[in-house]
Amino acid sequence: MKKIIATIVVLAVVAAAAIGGYTLLNDTVFEYGEAKVKLPEAMVYAEIQQYSAESQYGAYFGEDMWNMEITDGVTLEDSIKSNTIRQIKAVKVLAAHADDMKVSLSDEEKDTALEQAESFMESEEGKQIMEDAEADEELIRTIYEENALATKVHQAIIDQVDTEVTDEEAQVKTVYKLVFATKKTDTNGEEVELSDEEKTKQKKKAQKAYRALKKGADITYLAKQYDIQDTTDESFGPGQSAGGEKFEAAVDKLKEGEFTSVIESDEGYVIAQLKEDFDKEKTEENKATVLEERQTQAYEDQYNEWTKDLEADWDDETSINTRVWDKVKFTYGSITSTATEETTESDTTEADAAEKDTEASTDAEE
């Protein structure tokens, strides 16, 4: 019996030592290509997003925000954690292809990344995040430097895009629309499709309005007559209309003042009158949007090319070590309250100092 007890004691001591020496560094959340992401790194990314979300939306959503369902069975916490995985994957891929894009960080850029890392580590929220994630200073510096490199690779990709946008590519037209909607908002505030019978009635109304237009009726008068709420001017460039491709194709055939027949579009049954075929000012403004869309597409194309094989083998359910990743739980205020306390203490200190200055000034005057 003594030997058994002694053996149990020894095993207990060994187990305690093993538990005492446990570190999050032992846990791999996922591997992507040659990148192996441990839990401390993933937690830093996740809690930074947690802090950002609580700072922006905490007052609006309240303390139970992380348990709030945003889609069927998916909470806000689930969504942020999924976004964290995507973010890390993107950073790893971009940084890994720096040589392909002939990109590297200059000494000045490295210094800037280091300064940002130091600023994070000195902040109260940064200290809290590092404590939660068991992240050391080297990891934080690596994260900031890797993100700086990824950002530079991203910029190198979009810098290859032709920045010349023609009037034709950005041409903005303005139409006045009669929209006989085929959707409505239910009592829960959700948008739902009308019944087939209701859609048929809406279509007949649209056809009747179209016949009136052909006889010379004013389109704005018809909007009031049919009490159409979704009637408005819409200005759009190629591919930008809420009505979709079919609607835009019909508008492209019009001259100013002319109107389309009844079009079944993404919005419902629509009749549109062309008010302005070429809005010069809005076309110039739209060129920036067209260029941004072109750059976004170029980045997505390049990124998809780099990750095609990786994504073919990726599956969230099997590629992510859920046993490890499930350890990350967001507790409302665990980070933001720390930062708030720091601000409050700072404000109090400044107020005390100001009060002392005032007292000193009063004494001097007396």
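In this report, the structure presented in the accompanying data block is examined. (Residues numbered from 1 in each chain as written. Predicted model: local features only at pLDDT ≥ 70, side-chain atom pairs only at ≥ 80, totals over all residues. Heavy atoms only, no water.)

1. Considerations on the pairing of strand E2 (residues 35–38)
No. 1: Burial along E2 is one-sided: Ala35 and Val37 are buried, while Lys36 and Lys38, pointing the other way, are not.
No. 2: By the bridge criterion, four bridges tie strand E1 (residues 28–32) to E2 in an arrangement that is antiparallel. Bridge assignment links Glu31 to a residue of E2, and that residue is Lys36.
No. 3: Counting the residues that bridge the hairpin from E1 to E2 gives two residues, and of these Gly33 lies at a positive phi of roughly 65°. (Buried < 20%, exposed > 50% of the residue type's maximum accessible area, 1.4 Å probe, protein only. Helix = DSSP H or I, 4+ residues; strand = E, 2+ residues; numbered from the N terminus. Pairing = 2+ DSSP bridges.)

2. Describing a negative patch on the surface
No. 1: The grouping of Asp107, Glu108, Asp111 and Glu115 at the surface amounts to a negative patch.
No. 2: With respect to the helices and strands, the residue Glu115 is situated in helix H4 (residues 107–122). (Patch = residues over 30% accessible without salt bridge, like charges linked within 9 Å, V, L, I, M, F, W, Y side chains within 5 Å. Areas by Shrake-Rupley, 256 points an atom, 1.4 Å probe, with all protein chains shown as cover. Salt bridge = Lys/Arg side-chain N within 4 Å of Asp/Glu carboxyl O. Lys, Arg positive; Asp, Glu negative; His and termini not counted. Charge placed at Lys NZ, Arg CZ, Asp CG, Glu CD.)

3. Topic: helix H2 (residues 39–61)
No. 1: Here H2 contains 23 residues, and its C-alpha end-to-end distance of 28 Å is more than 12% below the 33 Å for a straight helix at 1.5 Å per residue.
No. 2: Along its length, H2 reaches its greatest deviation from straightness, about 50°, at Ser55.
No. 3: Count one or two residues on from H2 and you reach Gly62, which has phi positive near 90°. (Expected span 1.5 Å × (residues − 1). Bend = angle between axes of the 7 residues up to and from the residue.)

4. Here's the deal with the environment of Glu248
No. 1: Locating Glu248 in the fold gives a position in helix H10 (residues 245–252).
No. 2: Linking Glu248 and Phe236, residues 12 residues apart in sequence, is a C-alpha distance of 9.1 Å.
No. 3: Residue contacts for Glu248: discarding those within four places in its chain leaves Phe236, Gly237, Pro238, Gly239, Gln240 and Ser241.
No. 4: Separated by 2.9 Å, the side chain of Glu248 and the backbone nitrogen of Ser241 make a polar contact. (Contact = heavy atoms within 4.5 Å. Polar contact = N/O pair within 3.5 Å; in protein donor to acceptor, adjacent residues only side chain to side chain.)

5. Considering the sheet that holds strand E5 (residues 173–181)
Paired through backbone hydrogen bonds, the strands of a sheet run either parallel or antiparallel to each other.
No. 1: In spatial order, the strands read E8-E5-E10-E9; together these four strands make up an open sheet with antiparallel pairing. Two strands close off the open sheet at either side, each with one partner strand: strand E8 (232–236) and strand E9 (263–264).
No. 2: Of the strand pairs in this sheet, E5 and strand E10 (residues 268–276) are connected by eight bridges, and their pairing is antiparallel. Residue Lys177 lies in a different strand from E10, and its bridge partner there is Ala272.
No. 3: Where H10 meets the sheet, its contacts fall on E5, E8, E9 and E10, and the angle it forms with E5 comes to roughly 130°. (Axes fitted to C-alpha atoms, helices over the stretch in contact; angles between N-to-C directions.)

6. Comments concerning H4
No. 1: If you check H4, its first and last C-alpha atoms are 22 Å apart, about what 16 residues at 1.5 Å a residue would give, namely 22 Å.
No. 2: Taken together, the buried positions of H4 are Ala113, Ala117, Phe120 and Met121. The arc that holds every buried residue of H4, seen down its axis, measures 95°, which confines them to one face. Exposed side chains of H4 directed beyond 90 degrees from the buried face belong to Asp107, Glu108, Glu115 and Glu122.
No. 3: Tucked into the core, H4 has its buried residues touching H2, helix H5 (124–133) and helix H6 (137–158). (Arc of directions from axis to C-beta.)

7. Thoughts on the packing of H2 against helix H3 (residues 76–96)
No. 1: In contact at an axis separation of 9 Å, H2 and H3 are set at 120° when each is read in the N-to-C sense. When the axis of H2 is compared with that of H3, the two are oblique. The two elements H2 and H3 cross, and the hand of that crossing is right-handed. Of the residues in H3, those touching H2 at Glu41, Ala42, Tyr45, Ala46 and Gln49 are Ile80, Asn83, Thr84, Gln87, Ile88, Val91 and Lys92.
No. 2: For the contact of H2 with H3, the residue count by class is six nonpolar, four polar and two charged. (Parallel < 35°, antiparallel > 145°, perpendicular 65-115°, else oblique. Left-handed = near helix turned anticlockwise from the far one by under 90°. Nonpolar A, V, L, I, M, F, W, Y, C, P; charged D, E, K, R; others polar.)

8. Notes on the packing of aromatic side chains
No. 1: Within the structure shown, the criterion is met by 10 aromatic pairs.
No. 2: On the numbers, 5.5 Å between centres and 85° between planes, the contact of Tyr32 with Trp314 is edge-to-face. You can see Tyr32 sitting in strand E1 and its partner Trp314 sitting in the loop between helix H11 (280–312) and helix H12 (316–319), a full 282 residues away along the chain.
No. 3: Taking the relative accessible area as the measure of exposure, Tyr32 reaches 5% and is therefore buried.
No. 4: Their ring planes at 55° and their centres at 6.1 Å tell us that Phe236 and Phe247 sit as a pair that is tilted. With a gap of 11 residues between them, Phe236 in strand E8 and Phe247 in helix H10 connect regions that are remote in the sequence. Judged on exposure class, the residue Phe236 and its partner Phe247 are both buried.
No. 5: The structure contains a cluster of three or more aromatic residues connected by ring pairs, namely Phe30, Tyr32 and Trp314. (Phe/Tyr/Trp six-rings, centres within 6.5 Å; stacked < 30°, edge-to-face > 60°.)

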